[in-house]
Amino acid sequence: EVQLVESGGGLVQAGGSLKLSCVASGFTSNDHAIGWFRQAPGRERERVSCISTFDGSTQYADSVKGRFTISSDNAKNTVYLQMNSLKPEETAVYYCAAAAKCVYGLAYFGPWGQGTQVTVSS
């Protein structure tokens, strides 16, 4: 079964940058995508970005286009999320999860890890 461990969260000032890491294990031939998600208190979990391990294509939520970049390092079995020009409203717990392909429905991703906290101060 797929297991994912997130890291790299922390406290950053508005306008600053942070790079998150997602280390994967048990990624089977049926899992061809890794997505990044975030969830703030009282809010629904939101898909931020996704990368396909099949063709390398990427997807981004409209709110983060031009500021966030998703990438992968096959040698380290790791997917990254580079976040630039961070805003206070983007304070949330950030998660990564696997799926057969990059889709918008959260039900196709999982299981979920513990996540990493990102706090953006003003």
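Preceding this section is the structure that the text describes.
This is a predicted model, so every value here is computed, not measured. (Residues numbered from 1 in each chain as written. Predicted model: local features only at pLDDT ≥ 70, side-chain atom pairs only at ≥ 80, totals over all residues. Heavy atoms only, no water.)

> How would you summarise the sheet that holds strand S7 (residues 68-73) if you had to cite specific residues and measurements?
Within a sheet, neighbouring strands are paired by backbone hydrogen bonds and run either parallel or antiparallel to one another. The sheet built from four strands is open, its strands ordered S1-S3-S8-S7 with antiparallel pairing. Unpaired on one side and paired on the other, strand S1 (3-7) and S7 mark the two borders of the sheet. Within the sheet, the average angular offset between the axes of one strand and its neighbour, ignoring direction, is 20 degrees. Direction of pairing for S7 relative to strand S8 (residues 78-83): antiparallel, over a ladder of six bridges. The residue bridging Ser 71 from the neighbouring strand is Tyr 80, located in S8. (Pairing = 2+ DSSP bridges. Helix = DSSP H or I, 4+ residues; strand = E, 2+ residues; numbered from the N terminus. Axes fitted to C-alpha atoms, helices over the stretch in contact; angles between N-to-C directions.)

> Quick one: what's the story with the environment of Gly 16, residue by residue and with numbers?
With respect to the secondary-structure elements, Gly 16 resides in the loop between strand S2 (10-13) and strand S3 (18-25). Counting along the chain gives 70 residues from Gly 16 to Leu 86, while the straight-line C-alpha distance between them is 5.6 Å. Not counting residues within four places of it along the chain, the set of residues in contact with Gly 16 comprises Met 83, Asn 84, Ser 85 and Leu 86. (Contact = heavy atoms within 4.5 Å.)

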